Amino acid sequence: MSKLILIILTILFSDIAISQNQKRQIEGNKFIEIKNNKFGVIDSLNKIIVPFIYDFIEYKNSRLIVKNKNLNGVLTTKNELLIPIQHQFILPRRKDRFIIWTKENVFGLSDLNGKTIIPIKYKNIFSIENDDFYITKNKNNLNGVSDFNGNNIIAENYRFYTIDRNKIFAMKNNKPQILDIKKPENNIYLDDNIQFIETTKHYSMNESLFQIIKREGKYGVINSSNAIVIPIEYDEIKSSENWRYFIVKKTNKIGLIHINGTITKQPIYDSIQLRKEYIVFRSKNKKDEIYSYEE
């Protein structure tokens, strides 16, 4: 859900920007304007096209996403209703698509004319690869993939873990795989004794993505080409606040390792405290050590 939260924050910031501008041209001679703290649309002759009854209007995909009493819908710029104003959020995507997020936290996908592309029945939907593909999660918490036209590419028979562009770490019937959405013939099938562990994505600039794995009680990290990034020899591995580093544990002691394989801090510490820009390492009867992340 974190990706959706980031999208929502972007929308909220857009709300603030438009409020400050008070008036914004959207197409031809049409403008979004605010009167008495309500949004509407007028033309260059001040003729009202969309009445000033909305709490917010956003122009995306040549359509108007409107909000009224915390509910959202979609209008044309001629004030024609396309998607009823009854949803918690309408999330604009590329290729003239909208993710529908209902009050009941059910998701679907619509085109710019309100036609349903992916049924509104999923626990989650989000897009990847420049919005060419959509990841779905059904009521059984199983994932699948559809393209932007709603065609099913991968059936909802998997549990997805890390998604690295067009590569997906996935489990099906307890069998680990690395799926290639664009070239299924390049799918990688891993040994059955490998288990995927939930791995944090940090949404940082230029972040590379990796997958924590567990095999015969030991932890390691691999990339989406199935190359070992961190040896499978640790008692536990967790993500840090920086995607370039992982927290490792061995014989009940904690250390830090870089994704290039360099051991930044040997596993000799009793505990750690994560900060945004640094880590505090603690040992009994010793002074705390601070390590600042390096780029």
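For the structure, see preceding data.
In this report, we go over the structure that sits alongside the text.

What counts and how
- Residues numbered from 1 in each chain as written.
- Predicted model: local features only at pLDDT ≥ 70, side-chain atom pairs only at ≥ 80, totals over all residues.
- Heavy atoms only, no water.
- Buried < 20%, exposed > 50% of the residue type's maximum accessible area, 1.4 Å probe, protein only.
- Helix = DSSP H or I, 4+ residues; strand = E, 2+ residues; numbered from the N terminus.
- Pairing = 2+ DSSP bridges.
- Axes fitted to C-alpha atoms, helices over the stretch in contact; angles between N-to-C directions.

**Considerations on the pairing of strand S14 (residues 143-147)**
- With five of its five residues buried, S14 lies for the most part within the structure.
- Residues Asn143, Val145 and Asp147 of S14 are buried on one face, and the alternating residues Gly144 and Ser146, pointing to the opposite face, are buried as well.
- Linking two consecutive strands that pair antiparallel, namely strand S13 (residues 133-137) and S14, is a turn of five residues; a positive phi of about 65° is found at asparagine 141 within it.
- Two elements, S14 and strand S15 (residues 152-164), share three bridges in a ladder whose sense is antiparallel. Note on S15: the bridge partner recorded for serine 146 is asparagine 152.
- Between S14 and S15, which pair antiparallel one after the other, the connecting turn spans four residues, and glycine 150 there sits at a positive phi close to 90°.

**A word on the sheet that holds strand S23 (residues 236-239)**
- Strand order in the open sheet formed by four strands is S23-S24-S25-S26, and the pairing between neighbours is antiparallel. Across the chains shown, the open sheet's two edge strands, defined by having one partner strand only, are S23 and strand S26 (263-269). Put simply, the sheet's adjacent strands are angled 20° from each other on average, direction ignored.
- Here strand S25 (residues 253-258) runs beside S26; their pairing, made up of three bridges, is antiparallel. Directly across from isoleucine 254, in S26, lies its bridge partner tyrosine 269.

These figures capture arrangement, not role.
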